[in-house]
Amino acid sequence: MSITTENTFEIAIEQALVQNGGYSIGDPNTYSKELGFFKDEILTFLQRSQPKKWEKISAIHGKDTENRVLQRLYKELDLRGALDVLRKGFVDYGVRFQMAYFKPASGLNPDAVAMYNSNSLKVYRQIYYSKKNKNSVDIVLGLNGLPVATLELKNQFTGQNVNHAKRQYKDTRDPKELLFSFKKRALVHFSVDSDEVYMATKLEGSKTFWLPFNQGNGNGKGNPINTSGDYRTAYLWNYILQKDSWLQILQQFIHLQTEEVISNGKIYKKEKMIFPRYHQLDAVREITNDTLRNGAGKNYLVQHSAGSGKSNSIAWLAYRLTSLHNATNERIFDSVIVVTDRRVLDQQLQNTIYQFEHKQGVVQKIDKDSKQLADAISNGTNIIITTLQKFPYVIDKVGEIPDRKYAVIIDEAHSSQGGEASKKMKEVLGVVEDDENTAQEPYPNYGEGDDDETILGQDIVNSCIEKSAQARGQQTNVSFFAFTATPKYKTLQVFGAKDDEGKPKPFHLYSMRQAIEEGFILDVLKNYTTYELYFKLTKAIEEDPQLNKKKAAKAIGKYVSLHPHNLSQKTEIIIEHFRSIVSKKIGGKAKAMVVCGSRLHAKRYFEEFKKYIKEKKYQNELKVIVAFSGKLKDDNYPDGVLESELNGFKEKELPQMFEKEEYKILIVADKYQTGFDQPLLHTMYVDKKLSGVKAVQTLSRLNRMCAGKEDTFVLDFANDRETIFNSFQPYYEVTTVTDETDINHLYDLKARLDAFQVYWQEEIDEFANVYFHPNTNLNNAKNQKYLYSFTDPSVERFKELEEKKQDEFKKSIRSWTNLYSFLAQIMPFVDAEFEKFYAFAKLLQTRLPKRDLSETFQLSDEVALEYYRLEKIKEGSIDLLKGEEGELSGTTEAGLKRTKEEEALLSEIVSVLNDRFGTEFEEADKLFFDQIEAELMEDEKLQKQAKANKMDTFKYAFEDMFMTKLIGRMDQNQDIFEKILEDKMFGDLVKELMMKKIYRKMNE
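Residues numbered from 1 in each chain as written. Predicted model: local features only at pLDDT ≥ 70, side-chain atom pairs only at ≥ 80, totals over all residues. Heavy atoms only, no water.

A. Molecular detail of the overall build of the chain. Within the chain one finds 39 helices and 34 strands. A burial count over the chain gives 54% of its 1004 residues as buried. Expressed as a percentage of contacts within the chain between residues at least 6 apart in sequence, the contacts between residues at least 24 apart total 72%. Roughly 46,000 Å² of accessible area belongs to the chain as shown, and the carbon and sulfur atoms make up 48% of that amount. (Helix = DSSP H or I, 4+ residues; strand = E, 2+ residues; numbered from the N terminus. Buried < 20%, exposed > 50% of the residue type's maximum accessible area, 1.4 Å probe, protein only. Contact = heavy atoms within 4.5 Å. Areas by Shrake-Rupley, 256 points an atom, 1.4 Å probe, with all protein chains shown as cover.)

Listed below in structure tokens is the structure:
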């Protein structure tokens, strides 16, 4: 038999399941296309496993019993779904039949064990499932006659892979067929080749959502080489689908998740079948197996990246821990305590576990006081959900009852920030120590002019958790299970497992790298730009165009003046960058976050943003929100002001308000930098020193995926790239922070691509005329066919290249599109030809013959394509149609008459300015300071501030006014202006001397 057929692969899987998996071979011809199950197998199972019940129903239905029972089962499957019927059975005329028997938690009941062994698992090959066509599915797995899983296989020796299997499900598997009908028959569908496995729980044609079901390879995506000489994917049939494993998944993991969705003002229920991803299943099983071996009293650290599905992992683990029994059939834990501040987790746990056991009261949420928690612990409630603030009390309480055993699951990545949560935490925790071992109040009392970063945040919460656990030491009756994406050193020391060298490591790892490579989160470092680089790139314009010298000098000087201490100037660049670039992202829905170094900075930013938006009449385009803890005092609010007073709504309403379309920018001071999930967050403006785990947690607010979100962007005013790189490296195993980008790479790469002669310019132009036309609907076959026809010639020319040249071309065109996508976000200029080529190249890549289709942007993904197109049309239209023509020369002036002004090459202007930056100051420059001093002395508002306030408070008003006057005179002495802004020591000294002199004179 040839090895280059799928038949060979089918046989290998079938043999493995039959010989070692607890299956038998089923007859594919017995599948009923009308009923969607195996009639004979169902009848045999019911009669053999439940003979008395069969006798009872036979007495009721007589000769028509078999048909009546099958029809009743068909109806129940249609109404309730296969999963519910498998777990709870079905009732016919008062007779309840079980459709599956699951393994009992303990071996105390031999009858339950016998019933478990009565299950019949069968593997069917080549099931012809339809009455409409001759299509067949490679493998169907049946449990007691009900189809529970389908598999499409691809043997890579035939030239096909797992992506062809996914496409087969998409194109030729009709979701209306009973076998593929959501939740009514098969619960999961696997696309499998020799290297990778993907799964889907709902077939929806092109909208089918596929999840990788791979082990991971070196903490990245994919699967490792199978050292036992088997397929890389053999774990699927040798382990996952093996009888005990498969029935446990059906009993204790798969669940139906229901959520409410609001559309057009109406509330709809959306159902999703949750099947565990491999790392979730592996983590829960590895932990429970180790707990079975060691009993209570051991700690476990689970390092799972954002995007890993921690909520479900915690729910599954909590449920498994409650049912664990040791070798003598005793429960290992009397109660499982889940410590979290995630509000949705308690309802999710209750709903999930209710599906498993159909019991209420298994989960109790502690939402009142410590007495309620004490009662729940004392009463031995199975699963208790409490908050991080009550964590120390949990430890104290479980220590009081030594004859009880507890599992404590800590979801430490989601703590509440500020407000009432902080006050309650203060009551529980009292005085804590920070990382430098200096005592501080957990909820500081802010004084006048306070601008230090002393907000109680996630790090202190985590520190308290670690110290509380450390203080008690290892307890023989308590096991801790800590989940986090970013463990700190102390977290590893307290909860980590020691390796052979004595170093603490996570018990289970799902890395940030794997989550990114598998497409569950975005790489926030891919488009990371420092403030200096942003300015550097503003002069990198194609062909060094002719510019108005005076206006260009002013514009470039303006960019240079955007110093991190000048909030009004940074406000302009943030808002204008957001409007011109970010607002087009995610189909026009993108949002941004401004991260500030203090509460005072956040408030001032908020005020500057509101002022600038009003001046520019942008009120209809965007609104801003500010977030900080406690009351903040300053000159405008001597009695203090709350964030709620500035925003106009309650503090707890902020996440919901930020969901609204009109609110585009969130300004934060320590709040919402951790544990805040808003998938529409695309860009972050950082004006705060970040390092270590804080940097990772803060920047990771951007990484959440959503439809149409292809990338993220960070503009950092305060940190260098090396610090960010060093912060991410411990959690992110691949170096992704690259060197500063040279704009000329775009031209060099484009020239290299042109040399291949794969595409012609006239084809790109024709493509662009259709693609960018505002009336073009790309989902319309009439329009879409043109895109194919314009890219067809390039595809054919590509095929004629030798293989080495093909690889080089694909690598180069991918690099060019990635680089342009990045630079287009930060360049204040647009090249129309590049824009056309980018759109053409992105879609051309999807059509080139490829070995790994999973990494491409599929043209058939209509939602993503429309989002992308909308973004590019808006961006292009704004720059091409609404550009400020007056600042350009030549034909773009559209016939308008202007007086001729001196022009110079941009590089010449920049060179002159750069030369002036290094000028040594002389005695003659004193006039500059005298003029500013005179203007400040005449300012009436400043005079009032000087007479009404102490010098420490006066300095804030002075610094604002000083910067205003300085900027107003920047054209008179650019040297001094730059020296003050760029040399911090010099600038601070000038401000201090002048402030003291002005204050003294005004109070004489």
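B. A look at the pairing of strand 27 (residues 591-596). Taking burial as the measure, the six residues of strand 27 include six buried ones, the bulk of the element. Burial of strand 27 is two-sided: the residues Lys-591, Met-593 and Val-595 facing one way and the residues Ala-592, Val-594 and Cys-596 facing the other way are all buried. Relative to strand 32 (residues 681-687), strand 27 is paired through six bridges, and the arrangement is parallel. Counted as the bridge partner of Val-595 is Val-686 from strand 32. In terms of strand pairing, strand 27 meets strand 31 (residues 663-668) through four bridges, oriented parallel. Paired with Ala-592 across the bridge in strand 31 is Ile-665. (Pairing = 2+ DSSP bridges.)

C. Up close: the packing of aromatic side chains. Applying the stated criterion to the full structure yields 33 aromatic pairs. Where Tyr-605 meets Phe-609, the ring centres are 5.8 Å apart and the plane angle is 85 degrees; that geometry is what we call edge-to-face. Of the two residues, Tyr-605 and Phe-609 both sit in helix 23 (residues 599-615), four residues apart, roughly one turn of that helix. Judged by relative accessible area, Phe-609 falls into the buried class, the value being 0%. Measuring from centroid to centroid gives 5.2 Å for Phe-954 and Tyr-999, while their planes differ by 50 degrees, and the two rings are tilted. (Phe/Tyr/Trp six-rings, centres within 6.5 Å; stacked < 30°, edge-to-face > 60°.)

D. Here's a closer look at the sheet that holds strand 1 (residues 23-25). One open sheet holds the seven strands; their spatial order is 1-6-7-8-9-10-11, and the pairing between them is mixed. Edge positions in the sheet fall to strand 1 and strand 11 (211-212), since each has one partner strand and no second. Two strands pair when backbone bridges link them, and strand 1 and strand 6 (residues 121-128) are joined in this way by three bridges, in the parallel orientation. Bridge pairing in strand 6 places Ile-25 opposite Val-123. Helix-sheet contacts for helix 1 (residues 6-20) involve strand 1, strand 6, strand 7 (136-143), strand 8 (146-153) and strand 9 (188-192), and the interaxial angle to strand 6 is about 160 degrees. (Axes fitted to C-alpha atoms, helices over the stretch in contact; angles between N-to-C directions.)

E. A look at the sheet that holds strand 31. Strand order in this open sheet of six strands is 25-33-32-27-31-28, and the pairing throughout is parallel. Among the strands making up the open sheet, the edge pair consists of strand 25 (528-530) and strand 28 (623-627). Mean inter-strand twist for the sheet, computed between neighbouring axes without regard to direction, equals 15 degrees. Taken strand by strand, helix 23 contacts strand 27, strand 28, strand 31 and strand 32, and its axis lies near 170 degrees from that of strand 28. Along the sheet, helix 26 (residues 692-699) contacts strand 25, strand 27, strand 32 and strand 33 (713-716); its crossing angle with strand 32, the most-contacted strand, is approximately 145 degrees.

F. Inspection of unusual backbone geometry at higher detail. Of note in the backbone geometry, Asn-219 takes a positive phi value of approximately 65 degrees without being a glycine. On the secondary structure map, Asn-219 appears in the loop between strand 11 and helix 8 (235-240). Unlike most non-glycine residues, Lys-617 shows phi in positive territory, near 60 degrees. By secondary structure assignment, the location of Lys-617 is in the loop between helix 23 and strand 28. On the accessibility criterion, Lys-617 (66% relative accessible area) is exposed.

G. A look at the nonpolar core. Phe-190, Phe-213 and Trp-246 are the most contacted members of the largest nonpolar core, which has 125 residues in total. Of all hydrophobic cores here, the second largest spans 35 residues; its members include Leu-567, Ile-574, Phe-609 and Tyr-618. (Core = buried A, V, L, I, M, F, W, Y, C linked by side-chain atoms within 4.5 Å.)

H. Here's a closer look at the pattern of salt bridges. Throughout the structure, instances matching the rule amount to 35 salt bridges. Across the salt bridge formed by Asp-792 and Arg-847, the nearest N and O atoms sit 2.6 Å from each other. Of this pair, Asp-792 sits in helix 30 (residues 781-800) while Arg-847 is found in helix 32 (residues 832-847), placing the two residues 55 residues apart along the sequence. Here the salt bridges do not stand alone but share partners, grouping Arg-72, Glu-76, Arg-80, Asp-84 and Lys-88 into one network. (Salt bridge = Lys/Arg side-chain N within 4 Å of Asp/Glu carboxyl O.)

I. Here's a closer look at the packing of helix 2 (residues 39-49) against helix 4 (residues 65-80). At their nearest, the axes of helix 2 and helix 4 sit 11 Å apart, and the two run at 105 degrees to each other. Taken together, the axis directions place helix 2 and helix 4 in an arrangement best described as roughly perpendicular. For the pair helix 2 and helix 4, the contacting residues are Lys-39, Ile-42, Leu-43, Leu-46 and Gln-47 in the first and Glu-66, Val-69, Leu-70 and Leu-73 in the second. Taken together, the residues that form the contact of helix 2 with helix 4 break down as six nonpolar, one polar and two charged. (Parallel < 35°, antiparallel > 145°, perpendicular 65-115°, else oblique. Nonpolar A, V, L, I, M, F, W, Y, C, P; charged D, E, K, R; others polar.)

J. Region of the structure containing the pairing of strand 6. Burial of strand 6 is extensive: six of the eight residues sit out of reach of the surface. With seven bridges joining them, strand 6 and strand 7 adopt antiparallel strand pairing. Within strand 7, the position partnered with Tyr-128 by the bridge is Ser-136.

K. Examining the side chain of Gln-98 more closely. Considering the arrangement of structural elements, one finds Gln-98 in the loop between strand 5 (95-97) and helix 6 (110-117). Here Gln-98 falls in the buried class, since its relative accessible area comes to 18%.

L. Representation of the environment of Glu-833 in the model. Tracing the backbone shows Glu-833 in helix 32. The exposure class of Glu-833 is partly exposed, given its relative accessible area of 40%. Between the alpha carbons of Glu-833 and Ile-764 there is a distance of 9.3 Å; along the sequence they are 69 residues apart. Once residues within four sequence positions are removed from consideration, Glu-833 is found in contact with Gln-761 and Asp-765.

M. Molecular detail of the environment of Tyr-637. Tracing the backbone shows Tyr-637 in strand 30 (residues 637-641). A residue is classified by how much of its surface remains accessible, and Tyr-637, at 29% relative accessible area, is partly exposed. Those residues in contact with Tyr-637, other than ones at most four positions away along the chain, are Lys-603, Glu-607, Leu-632 and Leu-646.

N. Main features of the confidence of the model for the chain. The predicted model of the chain averages 76 in pLDDT, with 72% of residues at 70 or higher. Segment residues 533-565: pLDDT under 50, and 86 contacts once partners within four positions in sequence are set aside and those in other chains are kept. Under a pLDDT of 50 for its full length, residues 852-923 has, in the predicted model, 112 contacts with residues more than four places off or in other chains. (pLDDT = per-residue confidence, 0-100.)

O. Structural detail: helix 36 (residues 940-948). Three or more residues of helix 36 are buried, namely Leu-942, Gln-945 and Ala-946. Buried residues of helix 36 fall within an arc of 100 degrees about the axis and therefore sit on the same side. Of the residues in helix 36, the exposed ones pointing more than 90 degrees away from the buried face are Glu-940, Lys-941, Lys-944, Lys-947 and Ala-948. A distance of 3.1 Å separates the backbone nitrogen of Lys-941 from a side-chain oxygen at the start of helix 36, and that oxygen is part of Asp-939. (Arc of directions from axis to C-beta. Polar contact = N/O pair within 3.5 Å; in protein donor to acceptor, adjacent residues only side chain to side chain.)

P. Expanded view of the side chain of Asn-223. Turning to its location among the elements, Asn-223 is positioned in the loop between strand 11 and helix 8. Assessed through its relative accessible area of 2%, Asn-223 is described here as buried. At a separation of 2.9 Å, a polar atom in the side chain of Asn-223 contacts the side chain of Asn-214.

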